[in-house]
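# Secondary and tertiary structure notes
Here are the chains, one letter per residue:
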Number of protein chains: 2
Amino acid sequence: MPESALPYRPHNHQNCVSQALADATAICRQQNARLTPIRERVLELIWQSHKPLGAYDILGMLGAEGHNAAPPTVYRALDFLLQHGLVHRISSLNSFIGCTQAGEHHRGMFLICRQCGNVLELAAPEVAQAVESAAESEAFLPEDITLEIAGLCPRCQVESRHD
Amino acid sequence: MPESALPYRPHNHQNCVSQALADATAICRQQNARLTPIRERVLELIWQSHKPLGAYDILGMLGAEGHNAAPPTVYRALDFLLQHGLVHRISSLNSFIGCTQAGEHHRGMFLICRQCGNVLELAAPEVAQAVESAAESEAFLPEDITLEIAGLCPRCQVESRHD
DNA sequence: CTGCAAATGTTATAATGTTTCAAAATTTGC
DNA sequence: GCAAATTTTGAAACATTATAACATTTGCAG
Ligand SMILES: [Zn+2]
Ligand SMILES: [Zn+2]
Ligand SMILES: [Zn+2]
Ligand SMILES: [Zn+2]
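Here the structure is a predicted model, which is why all the values come from computation and not from measurement.

## Let's talk about the sheet that holds strand E5 (residues 141–152) of chain A
Across the sheet, which stays open at both edges, the six strands sit in the order E4(A)-E3(A)-E5(A)-E5(B)-E3(B)-E4(B) with mixed pairing between neighbours. In this open sheet, the two edge strands, each paired with only one partner strand, are strand E4 (119–122) of chain A together with strand E4 (119–122) of chain B. Each neighbouring strand pair of the sheet contributes to a mean axis angle of 20 degrees, computed without reference to strand direction. In terms of strand pairing, strand E3 (residues 109–113) of chain B meets strand E5 (residues 141–152) of chain B through four bridges, oriented parallel. If you follow B:Ile112 over to E5(B), its bridge partner there is B:Ala150. Helix-sheet contacts for helix H5 (residues 125–137) of chain A involve strand E3 (109–113) and E5 of chain A together with E3, E4 and E5 of chain B, and the interaxial angle to E5(A) is about 130 degrees. Across the sheet, helix H5 (residues 125–137) of chain B lies against E3, E4 and E5 of chain A together with E3 and E5 of chain B, angled at about 130 degrees from E5(B), the strand it touches most.

## Examining the protein's contact with DNA strand D
For DNA strand D, the set of nearby residues contains 16 residues, the closest of which are A:Thr36, A:Arg76, B:Tyr56, B:Pro72 and B:Arg89. Backbone sugar and phosphate groups make up 54% of those atoms of DNA strand D lying within 4 Å of the protein. Between a sugar or linking oxygen of DNA strand D and a side-chain N or O atom of A:Arg39, the distance comes to 3.4 Å. B:Tyr75 places a polar side-chain atom, nitrogen or oxygen, 2.9 Å from a phosphate oxygen of DNA strand D. Per element, the largest residue contribution to the surface near DNA strand D is four residues, and it comes from helix H4 (residues 71–83) of chain B. Here the surface near DNA strand D is built from residues that sort into six nonpolar, four polar and six charged.

## Side note on the protein's contact with DNA strand C
Close to DNA strand C lie 16 residues; A:Arg34, A:Tyr56, A:Arg89, B:Thr36 and B:Arg76 are nearest. By atom count, sugar and phosphate contribute 51% of the portion of DNA strand C lying within 4 Å of the protein. Between DNA strand C and the protein, one listed contact pairs a base nitrogen with a side-chain N or O atom of A:Tyr56 at 2.5 Å. Elements that contribute at least two residues to the surface near DNA strand C include exactly helix H4 (71–83) of chain A together with helix H2 (37–46) and H4 of chain B. For the surface near DNA strand C, a count of residues per class yields seven nonpolar, four polar and five charged.

## Considerations on the coordination of the zinc ion (ligand 1)
Residue and element names in this part refer to chain A. Bound to the zinc ion (ligand 1) on the protein side are His11 (NE2), His13 (ND1), Cys16 (SG) and His50 (NE2), at distances that span 2.0 to 2.3 Å. In this structure, the zinc ion (ligand 1) is coordinated by four donor atoms arranged in tetrahedral fashion, with angles at the metal of 105 to 117 degrees. In primary-sequence terms, the residues that donate to the zinc ion (ligand 1) follow H-x1-H-x2-C-x33-H. In this structure His13 comes out as buried when scored by relative accessible area, which is 17%.

## Examining the relation of the copies chain A and chain B
Turning one copy of the chain about an axis and sliding it along that axis gives the other copy, so a rotation and a shift relate them. Rotating chain A by 180 degrees and translating it 0.1 Å along the rotation axis places it on chain B, where the RMSD comes to 0.1 Å. The transformation relating the two chain copies, once decomposed into turn and shift, fits a two-fold axis. Among all residues of chain A, the minimum C-alpha distance to the rotation axis is found for A:Leu147, at 2.3 Å. Comparing interface residues between copies, 100% of those in chain A also sit at the interface in chain B, which points to an isologous, same-surface contact.

## Section: the coordination of the zinc ion (ligand 4)
All names here are of chain B. Those protein atoms acting as donors to the zinc ion (ligand 4) are Cys113 (SG), Cys116 (SG), Cys153 (SG) and Cys156 (SG), and they sit at 2.2 to 2.3 Å. Relative to the metal, the four donor atoms surrounding the zinc ion (ligand 4) lie at angles of 104 to 115 degrees, and the coordination shape comes out tetrahedral. Counting residues between consecutive donors of the zinc ion (ligand 4) along the chain gives the motif C-x2-C-x36-C-x2-C. Note that Cys116 is positioned in the loop between E3 and E4 and Cys153 in the loop between E5 and helix H6 (154–160), a separation of 37 residues in sequence. Residues Cys116 and Cys153 agree in their burial class; the two are buried.

Reading guide: rules and limits
Residues numbered from 1 in each chain as written. Chains lettered and ligands numbered in written order. Predicted model: local features only at pLDDT ≥ 70, side-chain atom pairs only at ≥ 80, totals over all residues. Heavy atoms only, no water. Pairing = 2+ DSSP bridges. Helix = DSSP H or I, 4+ residues; strand = E, 2+ residues; numbered from the N terminus. Axes fitted to C-alpha atoms, helices over the stretch in contact; angles between N-to-C directions. Contact = heavy atoms within 4.5 Å. Near = heavy atom within 4 Å. Polar contact = N/O pair within 3.5 Å; in protein donor to acceptor, adjacent residues only side chain to side chain. Nonpolar A, V, L, I, M, F, W, Y, C, P; charged D, E, K, R; others polar. Donors = N, O, S within 2.8 Å, 3.2 Å for Na, K, Ca; no water. Tetrahedral: all angles 85-135°; square planar, octahedral: opposite > 155°, others 65-115°. Buried < 20%, exposed > 50% of the residue type's maximum accessible area, 1.4 Å probe, protein only. Least-squares fit on C-alpha atoms with pLDDT ≥ 70 in both.

Rendered as structure tokens:
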């Protein structure tokens, strides 16, 4: 059993945030995209934790800090961040999470703890490979893969045995 | 390249419907569950094609045939059908599709054509295996797998080359 | 028949996401 | 620098998807 992955144990999360923002800045510069204040702030809010946020959660947070935004503001920022591979959308939760592999070409796979709500993004190339070969066996041309695993993270498994 | 799977080519679709309804009847009897007229009708509507239907599509169809139902009626029927493994929910589309392997224990994988809208459900045990072993490598206990592949079906690939 | 539990009806409301048009900011060509 | 073009943001209304709460009906066991 591996050392527990970041979301599931205490860590200096400020590092996660700073790193994500620095990466985003670099990626946007490289792609000639504008990481405007709103977009950056939304990204930062999403990175507040390893739990996904809904668009209206973000909207509420922006409101609480005085920036009275309407839904399109948030959805546009999210679209931008999705477009540039800085966040992922978790379909099964209607929510959004920071990408831990921004910049790299990848197909995310998400381990979602139903207990604590934390999400771990895995690269899982062998899964992507299996998916692609299954699709190919049906002559299907895959473009976008949604792969979300709900279950119990290591920590919450332990806790659930303490009852 | 395999023979094109059912959704992507002409076939006697009435067979699909009858089979699905017969299976549902058998499964419900076996599980002591009541396949009431509304539930059966919703299942039949979903099976009208191999394209997923939204809850409000179903609601509209029920309305058109004189049964003036409200949203909870449809969502309750859908919950029942989900519970008993007779339909699947496609998270990325907020819609529902008939299960082609009702009764068998399985984790569905869905190939969704973005052009024609048809959905093919695959068993893909080797993908499930890869997913489970990736989860295990993180000491994660998977319970529910959402695996939806959007792309182009064989037919629509051919058509898109005719432009 | 009677009483209980499951299923359905009904109304209202919550949560999520989009369209549209106007205003402001930023970039581009000169 | 400056005007035009483009991108971004603001704002209001609206559309879609889903649930809560409570009343009523139905099916069934005793
Ligand atoms: Zn962190
Ligand atoms: Zn957990
Ligand atoms: Zn068919
Ligand atoms: Zn197609």
